[in-house]
Amino acid sequence: MKLQEIADTIKGSYRKDDLAKSVQRYQELTMKSLEPISFIDDRNLTSISPLGGIPFEELTQEGDIIVSLHFPMIACYVEPEQAGYALPHYMAIIRLRPYINMDSRFIAQFINSQRGREELGKEVTARYKIKPTSLPLSYLNNVDILRKENELISLL
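Bear in mind that the values here come from a model prediction, so they are computed numbers and not experimental data. (Residues numbered from 1 in each chain as written. Predicted model: local features only at pLDDT ≥ 70, side-chain atom pairs only at ≥ 80, totals over all residues. Heavy atoms only, no water.)

A. View of the pattern of salt bridges. Under the defined criterion, the tally for this structure stands at six salt bridges. Between Arg-97 and Asp-8 there is a salt bridge, and its shortest N-O distance comes to 3.1 Å. Placement of Arg-97 in the loop between strand E8 (91-96) and helix H2 (105-112) and of Asp-8 in strand E1 (residues 7-11) is noted, with a sequence separation of 89 residues between them. Looking at Asp-8, the relative accessible area reads 36%, which means it is partly exposed. Arg-95 is paired through a salt bridge with Asp-64; the nearest N and O atoms lie 2.8 Å apart. Placement of the pair is Arg-95 in strand E8 and Asp-64 in the loop between strand E5 (46-48) and strand E6 (65-68), with a sequence separation of 31 residues. Look at Asp-64 and you get buried, because its relative accessible area is 2%. Beyond isolated ion pairs, a larger network of salt bridges with shared partners links Arg-15, Glu-28 and Glu-58. (Salt bridge = Lys/Arg side-chain N within 4 Å of Asp/Glu carboxyl O. Helix = DSSP H or I, 4+ residues; strand = E, 2+ residues; numbered from the N terminus. Buried < 20%, exposed > 50% of the residue type's maximum accessible area, 1.4 Å probe, protein only.)

B. The arrangement of a negative patch on the surface in detail. Residues Asp-42, Glu-62, Glu-79 and Glu-81 make up a contiguous surface patch of negative charge. Structurally, Asp-42 is set in the loop between strand E4 (39-40) and E5. You can call Asp-42 partly exposed: its relative accessible area is 36%. (Patch = residues over 30% accessible without salt bridge, like charges linked within 9 Å, V, L, I, M, F, W, Y side chains within 5 Å. Areas by Shrake-Rupley, 256 points an atom, 1.4 Å probe, with all protein chains shown as cover. Lys, Arg positive; Asp, Glu negative; His and termini not counted. Charge placed at Lys NZ, Arg CZ, Asp CG, Glu CD.)

C. A look at the sheet that holds E8. Spatial strand order, E1-E8-E6-E7: four strands in an open sheet with antiparallel pairing. Two strands close off the open sheet at either side, each with one partner strand: E1 and strand E7 (75-77). Within the sheet, the average angular offset between the axes of one strand and its neighbour, ignoring direction, is 25 degrees. Pairing of E6 with E7 involves three bridges; the strand directions are antiparallel. In the strand pairing of E7, Ile-65 is matched with Tyr-77. (Pairing = 2+ DSSP bridges. Axes fitted to C-alpha atoms, helices over the stretch in contact; angles between N-to-C directions.)

Here it is as structure tokens:
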């Protein structure tokens, strides 16, 4: 089952901060906000005031998975009190579709696992013979998150 079949992936945008003209302030995630043990550290956010605001889909919601698109490609689960954080251009939100009956924490654990990192980098490594330091959305969307589990079930 590929990730794009069960979830929407939304990449953050680059925003110009304008403190003089904008009245709306947001808390934006940073690389230091993402802890390797799958949680968001609220003490390492930055405050921004972008011109024109931020689209709703680029704000975190409870149950989302935030993924850093650059090394070390950490995935973190969004707790209820962490909804409404802005997403920078070097991160993506994985948001499960409403009809999917799966705990999104599984996806965070999969991405942070050794097998998940191998699956994410497999296509880049095969094509260019290098380990990836950044993660294009197409590779993230096409990762098969349940391949090994489905192989085991088919053997039964």
